[in-house]
Amino acid sequence: MAVPADGAPPPPPSDLVSDADFATNELFNKIRSQTNSGLENQKQAAIILTAVEETILEQHEQLTPLAYFGALMTILEQQRSNNSEALGMMVAVTYLLAIVFPRIPGQVLKVKFEDIAKTLGATLEVYQEDQPLVRSVLACFECLLAAQDTVKWNTDVTCKKLFQVLLIMSVDGRPKVRRRAHEAVKRLLSRPPPPTTHHPATITTIEFTLRSLEEYGESVSDASAKDRKELEAQVLHVLVFLKMILPVLAMQGGHERTREKLRALCESLLRLPVRSSGTGNTVMTQWIFSVLDSLFGAGATEKDGIFPHLDMALLDSVIRALIEIRPYQNDATLVPAWLELIGRGFGKLAQLAREEEGNTEDLTSTAHLYAVNDYPKLFISVFAKTFVGIFTQATTKPVIIAKAAEVLSGLVRTCVTQTMIDDLPAKLDSMDEDDEDAVPLSALIQLINSSLADIKYRAAWGGVLKIAEALFERVGRTLPEQVRGTLNNIMTFRDDRAYGDSFPYKEELEVALHAAVQGLGLETFVSYVELNIENENPSVPRRPYLLATFAEAVNRPLPVSIGGAPSTFGPHTMHYLGTVLLPLAQRMLEKSGNSWAANRQVEAKLYETLGAQIWSMVPAICSTIPDDVAANFAVVGPHFGRILQALPNDAFKDLPSKPDFRPTVCDAILSLIEGYHAAAKAADKVTDTTPFAKTLKANVKTAQAGLAKLKEYASRFLSVLCNNYTTVQPELLETSKAKGQQLQGLHERENQHYAKTIRALLTIADEASVTNYFLNLVTTLLESQAKEQHPEPESVVAQLAKLRDYAILDLLLILLPFLPEVKGKAKTLPEDSPLLLFYKVLTGQLRDSDATLQKRTYKSLNHVVASIPASALNLEELITRLLDPEVLSKATSGAKNARIQLLQRVCQAIPIADKQLLLQFVPVALSEVMLATKEASEKARNSAYECVVAMGRKMLTGGVDAPPSGVWDMESLQLALTENEQAEGQVNLREFFMMVVAGLAGETATMQSASVAALSRLLFEFGPMMDDALLKELIGTVVFVMNSKNREVIKAALGFVKVAIVSLRQEILEDELENVIVAILTHSRAHKSHFKAKVRHIFERLVRKFSYEAIEGFVPEEDKKLLVNIRKRREREKKRKAAARQAGNNPDEDESDGEASKAALLANGKSVGGKAQQKQFEDALYGSESELDSDGDEDDEKYIPDQFKDGLQRTRKGKVTGTSAGRTMIREDGEVADFLDPRIVSRVTSAPTRKQKSGATGPKGPDFQSSADGRFMIAEEGSDDDDMAYDPASAGPAIVKPEPVPEDHYRDSLRSEVAFTRTADGRVRFVKPDAKRKREEDDLDPEAAANRGSTATGLGWGQGGKGKRRDAPGLDQGQIDKMLGKQFKAKRARGDVKTTGGPDPFAYIPLTSKVVGGKKRKAAKVAGQFKNIIKAAQSGGDVGAQADKGGRPSHKGNKKHK
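Residues numbered from 1 in each chain as written. Predicted model: local features only at pLDDT ≥ 70, side-chain atom pairs only at ≥ 80, totals over all residues. Heavy atoms only, no water.

1. Remarks on the overall build of the protein chain
This is how the line gets drawn: Every helix listed is a DSSP run of H or I at least four residues long, and every strand listed is a run of E at least two residues long, numbered separately from the N terminus. Exposure categories follow from relative accessible area, calculated using a 1.4 Å probe and restricted to protein chains: below 20% of the type maximum is buried, above 50% is exposed, and the middle band is partly exposed. Here, two residues are considered to be in contact whenever any of their heavy atoms come within 4.5 Å of each other. Here the accessible surface of atoms and residues is derived via Shrake-Rupley with a 1.4 Å probe, and residues count as covered only by protein chains that are part of the display.
Secondary structure assignment for the protein chain yields 64 helices and eight strands. Counting across all 1458 residues of the protein chain, residues that qualify as buried make up 45%. A sequence separation of at least 24 residues applies to 69% of the contacts in the protein chain between residues at least 6 apart. Accessible surface computed for the protein chain: about 75,500 Å², of which carbon and sulfur atoms make up 52%.

2. A short note on the environment of H572
Here is the rule: Within 3.5 Å is the distance limit for a polar contact, defined as a pair of N or O atoms, with the added protein rule that one can donate a hydrogen and the other accept it, and that residues adjacent in sequence qualify only through two side-chain atoms.
Locating H572 in the fold gives a position in the loop between α26 (545-553) and α27 (574-597). Once you skip the residues sitting within four places of it in the chain, H572 turns out to touch V517, Q518, G521, L522, V554, I621, T624, P626 and D627. Looking at H572, its side chain comes within polar contact range of the side chain of Q518, at 2.7 Å. A polar side-chain atom of H572 sits 3.2 Å from the main-chain amide nitrogen of L522.

3. Concerning the nonpolar core
To be explicit about the condition: By convention a nonpolar core is built from buried Ala, Val, Leu, Ile, Met, Phe, Trp, Tyr and Cys residues, the set being connected through side-chain atoms within 4.5 Å.
Judged by nonpolar contacts, the single largest core of 367 residues is most densely connected at L322, F346, F391, F640, F921 and F1099. The residues touching F640, leaving out its near neighbours within four places in the chain, are L582, W615, V618, F633, V665, A668, I669 and F717. Of all hydrophobic cores here, the second largest spans six residues; its members include A1013, V1059, V1062 and F1177.

4. Considering empty space enclosed by the protein
Applicable threshold: Buriedness for pockets is judged along seven lines, at least five of which must meet protein on both sides within 12 Å for an open set on the 1 Å grid over protein atoms alone, while cavities are sets there where a 1.4 Å probe fits but cannot get out, and lining residues have an atom within 4 Å of a point. Grid points are joined across faces, edges and corners, and a volume is the space filled by probe spheres set on the points. Ten residues, namely Ala, Val, Leu, Ile, Met, Phe, Trp, Tyr, Cys and Pro, are considered nonpolar, four, namely Asp, Glu, Lys and Arg, are considered charged, and the remaining ones, Gly among them, are considered polar.
If you walk through the whole model with that rule in mind, you get five cavities of 30 Å³ or more. Put simply, the largest cavity is a space of about 90 Å³. Around the largest cavity sit 13 residues that line it, and V1057, A1060, I1061, L1069 and V1076 are the ones nearest its centre. Those elements giving two or more residues to the lining of the largest cavity turn out to be α49 (1028-1041), α50 (1047-1063) and α51 (1066-1081). Residue classes in the lining of the largest cavity are distributed as twelve nonpolar, no polar and one charged.

5. A closer look at the pattern of salt bridges
Our working definition: Note on definitions: salt bridges are taken to be side-chain nitrogens of Lys or Arg within 4 Å of carboxyl oxygens of Asp or Glu.
Across all of its chains, the model carries 44 salt bridges by this definition. Residue E207 pairs with K261 through a salt bridge whose shortest N-O separation is 3.4 Å. Taken together, the positions of E207 in helix α11 (residues 202-219) and K261 in helix α13 (residues 256-276) put the pair 54 residues apart, joining distant regions of the chain. Of the residues examined, E207 reaches a relative accessible area of 29% and is grouped as partly exposed.

6. Remarks on the side chain of N862
Structurally, N862 is set in helix α40 (residues 851-867). Side-chain polar atoms of N862 contact the side chain of Q901, separated by 3.4 Å. Discounting chain neighbours no more than four positions away, the residues touching N862 are A898, Q901, L902 and R905.

7. Concerning the packing of aromatic side chains
Spelled out, the test is: Aromatic contacts are taken between Phe, Tyr and Trp rings whose centres are within 6.5 Å, Trp giving its six-membered ring; a plane angle under 30 degrees counts as stacked, one over 60 as edge-to-face, and the others as tilted. Here, a charge over a ring is recorded when the distance from Lys NZ or Arg CZ to the ring centre is within 6 Å and its angle to the ring normal is within 35 degrees.
Under the counting rule described, the total for this entry stands at 23 aromatic pairs. Measuring from ring centre to ring centre gives 4.9 Å for F387 and F391, while their planes differ by 80 degrees; the resulting arrangement is edge-to-face. Separated by four residues within a single helix, F387 and F391 lie in helix α17 (residues 366-391), roughly one turn from each other. Taken together, a centroid distance of 5.9 Å and an interplanar angle of 85 degrees make the contact between F503 and Y505 edge-to-face. On the basis of relative accessibility, which here comes to 9%, the residue F503 falls in the buried class. Given a relative accessible area of 18%, Y505 falls into the buried group. Among the aromatic residues, ring-to-ring pairing joins F346, Y375, F379, F383, F387, F391 and Y457 into one connected group. Positioned above the aromatic ring of Y545, the side-chain terminus of R494 is 3.8 Å from the ring centre.

8. As for helix α15 (residues 312-324)
For clarity, the cut-off: Here a helix's expected span is defined as the number of its residues, less one, multiplied by 1.5 Å.
Between its terminal C-alpha atoms α15 stretches 19 Å, which fits the 18 Å expected from 13 residues at 1.5 Å a residue. Three or more residues of α15 are buried, namely M312, L314, L315, D316, V318, I319, L322 and I323.

9. Quick look at the packing of helix α21 (residues 461-475) against helix α22 (residues 484-495)
The axes of two packed helices give the description: the angle between them and the distance between them. Put simply, the rule is: Axes here mean lines fitted to C-alpha atoms, for a helix over just the part in contact, with angles spanning 0 to 180 degrees between N-to-C directions. An angle below 35 degrees is read as roughly parallel, one above 145 as roughly antiparallel, one from 65 to 115 as roughly perpendicular, and any other as oblique. In this scheme the handedness of a crossing depends on how the near helix is turned from the far one: anticlockwise by less than a right angle means left-handed, clockwise means right-handed.
At a minimum axis distance of 11 Å, the contact between α21 and α22 shows a crossing angle of 140 degrees. Considering their axes alone, α21 and α22 lie oblique with respect to each other. Our pair here, α21 against α22, has a crossing hand that is left-handed. Residues W461, L465, A468, L471 and F472 of α21 pack against T486, L487, I490 and F493 of α22. Considering only residue class, the contact of α21 with α22 consists of eight nonpolar, one polar and no charged.

10. As for the environment of E877
Locating E877 in the fold gives a position in helix α41 (residues 875-882). The spacing of E877 and T843 is 34 residues in sequence and 9.6 Å in space, taken between C-alpha atoms. Side chain to side chain, E877 and N874 meet in a polar contact 3.3 Å long.

11. Remarks on unusual backbone geometry
Positioned with a positive phi, K658 is a non-glycine residue whose angle comes to about 50 degrees. In this structure, K658 sits in the loop between α31 (648-651) and α32 (662-681). On the basis of relative accessibility, which here comes to 28%, the residue K658 falls in the partly exposed class. At K825, a position not held by glycine, the phi torsion is positive, near 50 degrees. Looking at the element boundaries, K825 is found in the loop between α38 (820-823) and α39 (834-844).

12. Focus: the packing of α32 against helix α33 (residues 693-726)
Where α32 meets α33, the axes come as close as 9 Å, and the angle between the chain directions of the two elements is 150 degrees. Crossing geometry of α32 relative to α33 is assigned as left-handed. Residues R662, C666, I669, L672, I673, Y676, H677, A679 and A680 of α32 form the contact with α33, whose participating residues are V700, T702, A703, Q704, G706, L707, L710, F717, L721 and N724.

13. Examining the confidence of the model for the protein chain
Atomic detail in the predicted coordinates should be set aside for any region of low pLDDT. Our working rule: The predictor attaches a confidence to each residue, called pLDDT, with possible values from 0 through 100.
Confidence in the prediction for the protein chain averages 76 pLDDT; 70% of positions are at 70 or higher. Counting contacts from residues 1331-1370, a segment whose pLDDT is below 50, to residues more than four positions away or on other chains yields 48 contacts.

Rendered as structure tokens:
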């Protein structure tokens, strides 16, 4: 950060900088660099800093903060004088002192306090008018005072005077000085000197502000208008100061004297609006509210935590005073601010009251007694006064009502304490009905109820409903009987016949009902408000609409408990769901079916809707975790089972829609199990010291009992759900046209909700039941496998059988993790284990030709092999089956990913001692895995690379498993490798690489490229561990492969080179560097430019790995331009980064782009995961083709004139915008473009193809060619000059004779006068020439075609409608008007006007179809226009003749009109 222009003190340097490094901190370095700055204050600071450092060094001292401090203080004492020359020096010295002071030890500042204070005080007294100096001195004062102890603050007069200076400067007229003083005072007061927690200057600060406010209050009423403005400005400074420090003062309110002073200060603040009301200054009142708002927010952002809480008595007095100074009720500016302040104050007071309620250690303390007795009374008093004062006035503005509703509803939600709720029933029982209003919470409820029934609150009923919503949320569940009257009053509005037409607060009422449902619970709600859907009680209105309200309400979040025990369970009950709602839904659906049968469609649809609404709320009710599952799930279970067992056609036979509620039941069961699991797990978090531990332990017991009840029904639900999962309904085939994969997708989508619920049930089901289900499914699959294939594969029966097998395999995978053998991780398995039986069934399906079955089989085998213990797995048999040629030939592309993963797992499962099996498996499987790296599926490719690496790691370790830490002992592995590398048939890495290299001898280019790609991945993984000789041999082999003519092989080889540069050490590449460069340069020639960008990228990496000079020596002369280009690009990139760094943008200076070698990575002991390693490999192989941002063609772009740049070049430079930018086209003009012809340059253009309209703005090219002396050259018809083109370089004609355009008979057949087309029935229809001409001109001028036919509203052809006026083809009205000469018409006279520099007036008659053909009426109209033009021309000629004879013309105009 440089020195500010105004000399303001900077923030202190970081404390992390040691004293020895203080001189080299960033701030001082930037100051030193400003010796030649154009700003005098920056230059002066740099000069003084340099001089001070030279002086310190001459005295053979270190550049420590104390050394700087001593030198600068000496300058300050010697140079102090009241003249302009010394001022600049003093500003610079104090600026540097403000940087040094925070690093001075506190002991030094204590010892030298008097001397430092005297020097700084004298300096401030002399230069108090200079703002930068004052700010720097104030910063020094802050550091000096912060170092003093409590004794110094209490006894030393100088210390108090310095703090008084800070207070005086906090109300100074200069804003920056005030701001600096505010920060200094706040920091000092927030860090009192230890060991006290009360700062000695707190009382001084309060007295200073209190005195300022009292002086204003005493003098403002008698002051003149001018003096009053000055006083108001001064007191506003005090208020701004108070807003910053009042939270700090309030947090020290625990001190008795401080509390009294704070109370006096707040009272003085609250008297200001009354005293300033006569002046009409509402800004003062707003600032006072803002100051008090900061008081109520005290502690919200403080992090020190050394102060006690705010004093509740202080907050109580402030809130009471606020109620007395309520602004005018309709002031839309002050009333919302006042209401917000009331809400913030009560929120803070309620928070303190709740904390005191929970303090059961001292029940007789003043704070506890206030929270229990006085706080509720204050709450209802403030609530009632605000509620009645705002809502009863019919003229209150809507914005005030909305704000009042927001604040009052917030008070009900957060400020009604738990004591007020718990004590209400006992107090009501002990009182008469007439005295119930004396109970605060009861009085609040009665006030809301009366307002809903009183017409004078009509304008505010929307706000009252919001408060009622908050009341239901806060006390509905605890005191349902108390809010019953509120609910009845709301339902009175809802049941009114005029509700739909005239009630204006429908949204607020619906939200209030939602809160009542979630607060009371459905059963309690309906006990107060009857549904009466079936008219059981004729005296009660029928309320079917409540079902829709219930469906919306149960999806609303449950109210949060504030102050009380956290609620684990919801308000709804399974008893009400099973005994009332679900039977009602069944009756509604049955009535709907009967109505459909009786052809009463409207009634049927109504009943069906009601039944569907009830079922739609079932999952949401279960998600609230009802607490009576243990007692009442037996009531709901049969309903759920009936829906799951019956098909929609059987469950509701008479309903045409056939609703399917099985997904709904699945979601409900899933919600119950997950909710009760979460509630039961809370037992681990509950201890005896946990708040509300007793309630939480009871909740845990309830949850455990509920899970036990659900466990009883788990086996029943599992059997039904498994049956549904594996059953494919024939209706799915009959009603859907989908076949094959689409049909399978539909079935899987239908089974998704079953799968989630089955998993949830398996978590609570018995292990024996899970085993039986698994065994039954395996047996079913085995029976299906033993059956003969259906003779008609496309038949319904065959497709159903296939889908069933797919579903069984998926279901077995769901059950697999819950088998006892898998959950317990058994070491051995019995021979009749269901898991082994499933394994045998899967291996028998490997030869199946069904692609989907293959994919699922390999996927299942992958999981089963991972679950079977090694002792029970016959790897030899599995390998034989997997590598069977028949199995391999039937493996489809879709199953490749799963098959490769299985091969990898088998390779990793081969035991340590069985090296022969490893050598039997790897060579055969390797070719398939390498070919899989060329699969179209990205997942299959990634799996193939991971499998190759896994095989290599297995061969590297000689069959030894990886250590638990994941970090290999490379020294011992390398030793074992060198000992066995010459032996044939040994398990080592060299042998494995030779297997991969053998793939280069493959017959197909795909196999060769796959081998090179596998070598690249292995080199990236194992390069640092391999022998140097083997690495060089591999590089030489791949360089030889580059001689191939196949692009796929070359591309893979170039990728290998890129990976080698990244992974290998420089010493290994040096010997093969020349061969590599020569090989890759052959693919950068002009006629083989497919890999030009890749070659350039490789050279960039080589230059960075070695050096420019080292690479240049191996590059032939004709290819050195590539290196020159790379060097220029690198230099530009370095300049760009340097400029960005100078500007402070902090660019990424690491140019390695992740090219750290694997050897360094492993040397640091870091193990990289498989996916992370694969990502690094892809970055190295497929990374950006150039690390440099600029394009290589920029070297030439800066020499190209802008008019000859194409659109892309101009766009890159920011000179072209619009849709045409970047479009470069080649005009063929009927012949094929010859790129070897030098004239091809004249055909390349980026201009738009449409013709430029007449009169358009912008530069136009010359209409005629000009000679060297500037004369126009107009070629005669038939002359050779027709072929001349304008040459801007020579300013003369350039002869270009294009070849004659050959005839295009096809085009003529479409556009000539005899052109015709054939209709759909084969008849010939001749095309009108006008239409063809019109279409042709549309092609040439799309803008004119778009304008033609447009209406006045801008609609085109597609929107104009019928009756549209048709103009002449190819011409719009503006062009016709110009042809008729209307552009020359005079505005205020008859005749035409000749414009300066323009042509003489002229007119042409357009020979359109209206003239040469068409209706007689249109032709006559045009003829009339022609006569008018002739008449006007004759009239103009007569006037001109009179003027020639000396007569006075009758009007202004031209002499002739042609």
